[in-house]
Amino acid sequence: MELRSVCVFCGSRRGKKLEYASSTRELAGILVEHNVRLIYGGGNVGLMGILADAFLELGGWVEGVIPKVLLGKEMAHRGLSRLHVVESMHQRKALMASLSDAFIALPGGIGTLEELFEIWTWEKIYYHQKPIGVLDVGDYYRPLRIFLKGMVEEGFLPGSLLSQIVWESCPQRLWEGMLTQASRKSGQKRINS
Ligand code: AMP
C-alpha cells in the first residue's frame, strides 16, 4: 500500500509547549519530501494552521474538508490547494477518511481525540485497513497510553488492536513506522484475498 495522501488530526489550538508546533512543522517537512498530500480539517487555527502553512510553504498539496458551520465562522484556511465544504461533521469525517491512505493524530483536544477514536473504531470493524499513527510529542499522550494499556489488562481492548497503532514521539520514526504498517497491512490483504 502506497501512502499518497495522509490525513492529520490535530489541535485547533497550538498548546503550551513550543515543541508541539516544531514537531508539527517537522512532520510536514517529511511528508512533503515524500510527495504525500495532506488531508485535514481545513482550519487556519492552532496546530492545524501551522501544519497547513508549513506544507504550503514547502510546496506541498493540502486539501481541507470543512463543514459549512465552521466556514461561516471564518475559521477556514483560504490558501489551500483545495477546500471541500460539506454539510455536516459526519460527512467531513467520512470524506477525510475516503480521501486518505493513512491517519496521524498530533497533539490536540477533544476534536482530535474523537477523530482518532472514530477512525480506530472503523478499523476495528473492518471499514478500512489503513495505518493509524499517534505522534506523541513531549509525552502528551502518555496518560492516554497508560489508560489504553489498562483497558487491555482489564479485558476491554484486545492487545492486538492497541499494537495496530504506530505510537512514536519522533516524526521521522513515526513516518517509518507508518510505512512498515502499510506494507504489513497490504501483505495481510494479499493473504486474505
Ligand atoms: P480540537 O482537537 O478539539 O482542537 O479539534 C481539532 C480537530 O477537530 C481537527 O482535527 C479538526 O478536524 C476539527 N476542528 C475543530 N475545530 C476546528 C476549526 N476551528 N476549524 C476546522 N476544524 C476544526
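Asks: Just checking my understanding: could you explain the pairing of strand 2 (residues 37–40) for this structure?
Replies: Each regular strand shows side chains that alternate between the opposite faces of the sheet. As defined by bridge partners, strand 1 (residues 5–9) adjoins strand 2 across 3 bridges and the pair is classed as parallel. The residue bridging Ser5 from the neighbouring strand is Arg37, located in strand 2. Running through helix 1 (residues 18–33), the crossover from strand 1 to the neighbouring parallel element strand 2 is right-handed. In this sheet, strand 3 (residues 62–67) lies alongside strand 2 in parallel orientation, the contact comprising 3 bridges. Residue pairing for strand 3: Leu38 is matched across the bridge by Val62. Crossover connection from strand 2 via helix 2 (residues 46–57) to parallel strand 3: handedness right-handed.

Asks: Sorry, what's going on with empty space enclosed by the protein here?
Replies: Where empty space is left becomes clear once a probe the size of a water molecule has been rolled over the atoms. Per the stated rule, a full pass over the model turns up 1 cavity of 30 Å³ or more. Put simply, the largest cavity is a space of about 60 Å³. Looking at the largest cavity, the residues that line it are Phe9, Lys93, Met96, Ala97, Glu115, Glu118, Ile119 and Trp122. For the lining of the largest cavity, the elements supplying multiple residues, two or more each, are helix 4 (89–99) and helix 5 (110–124). Ranked by residue count, the leading element in the lining of the largest cavity is helix 5, at 4 residues. Residue classes in the lining of the largest cavity are distributed as 5 nonpolar, no polar and 3 charged.

Asks: Mind showing me how you'd approach the site of the ligand here?
Replies: Looking at the ligand, there are 17 residues lining it, with Ser12, Arg92, Gly109, Thr112 and Glu115 nearest. Contact distances for the ligand include 2.6 Å between an oxygen atom and a side-chain N or O atom of Thr112. Within the complex, 88% of the 480 Å² of free accessible area of the ligand lies under protein. Mapping the ligand onto the cavity grids shows that it belongs to the largest pocket. A per-element tally of the shell around the ligand places helix 5 first, with 4 residues. In terms of residue class, the shell around the ligand is built from 7 nonpolar, 8 polar and 2 charged.

Asks: Explanation requested: the nonpolar core in the structure shown.
Replies: Where a protein is soluble and globular, its nonpolar side chains tend to be buried together. If you look at the biggest cluster of nonpolar residues, it comprises 33 residues, and the most contacted ones within it are Val8, Phe55 and Ile104. Where this core is concerned, the elements lending two or more residues are strand 1, helix 1, strand 2, helix 2, strand 5 (102–105) and helix 8 (171–192). Phe9, Leu157, Leu161 and Ile165 belong to the second largest nonpolar core, which has 23 residues in total.

Asks: Would you explain the layout of surface pockets in this entry?
Replies: A volume near 520 Å³ is recorded for the largest pocket. In terms of lining, the largest pocket is formed by 28 residues, of which the most central are Cys10, Gly11, Ser12, Met48 and Thr112. Of all the secondary structure elements, the ones that give two or more residues to the lining of the largest pocket are strand 1, helix 2, helix 4 and helix 5. Looking at the lining of the largest pocket residue by residue, the class counts come to 14 nonpolar, 9 polar and 5 charged.

Asks: How should the sheet that holds strand 6 (residues 132–135) be read in this particular structure?
Replies: Hydrogen bonds along the backbone pair up the strands of a sheet, which may run parallel or antiparallel. Reading across from one edge, 4-3-2-1-5-6-7 is the order of the 7 strands in this open sheet, with parallel pairing throughout. Of all the strands in the sheet, just strand 4 (82–86) and strand 7 (165–168) have a single pairing partner and so form its edges. Across the sheet, the mean angle separating the axes of adjacent strands is 20° when strand polarity is ignored. For strand 3 and strand 4, the ladder comprises 5 bridges, and the chain directions are parallel. From the neighbouring strand, Ile66 faces strand 4, where its bridge partner is Val85. Sitting on the sheet, helix 2 is in contact with strand 1, strand 2 and strand 3, with an inclination near 160° to strand 2.

The rules behind these values
Residues numbered from 1 in each chain as written. Predicted model: local features only at pLDDT ≥ 70, side-chain atom pairs only at ≥ 80, totals over all residues. Heavy atoms only, no water. Pairing = 2+ DSSP bridges. Helix = DSSP H or I, 4+ residues; strand = E, 2+ residues; numbered from the N terminus. Right-handed = clockwise from strand over helix to strand, strands pointing away. 1 Å grid on protein atoms, 1.4 Å probe; cavity = no way out; pocket = protein on both sides within 12 Å on 5 of 7 lines; lining within 4 Å. Points joined across faces, edges and corners; volume = space filled by probe spheres on them. Nonpolar A, V, L, I, M, F, W, Y, C, P; charged D, E, K, R; others polar. Near = heavy atom within 4 Å. Polar contact = N/O pair within 3.5 Å; in protein donor to acceptor, adjacent residues only side chain to side chain. Areas by Shrake-Rupley, 256 points an atom, 1.4 Å probe, with all protein chains shown as cover. Sits in = over half its atoms within 2 Å of the grid points. Core = buried A, V, L, I, M, F, W, Y, C linked by side-chain atoms within 4.5 Å. Buried < 20%, exposed > 50% of the residue type's maximum accessible area, 1.4 Å probe, protein only. Axes fitted to C-alpha atoms, helices over the stretch in contact; angles between N-to-C directions. Contact = heavy atoms within 4.5 Å.

These figures capture arrangement, not role.
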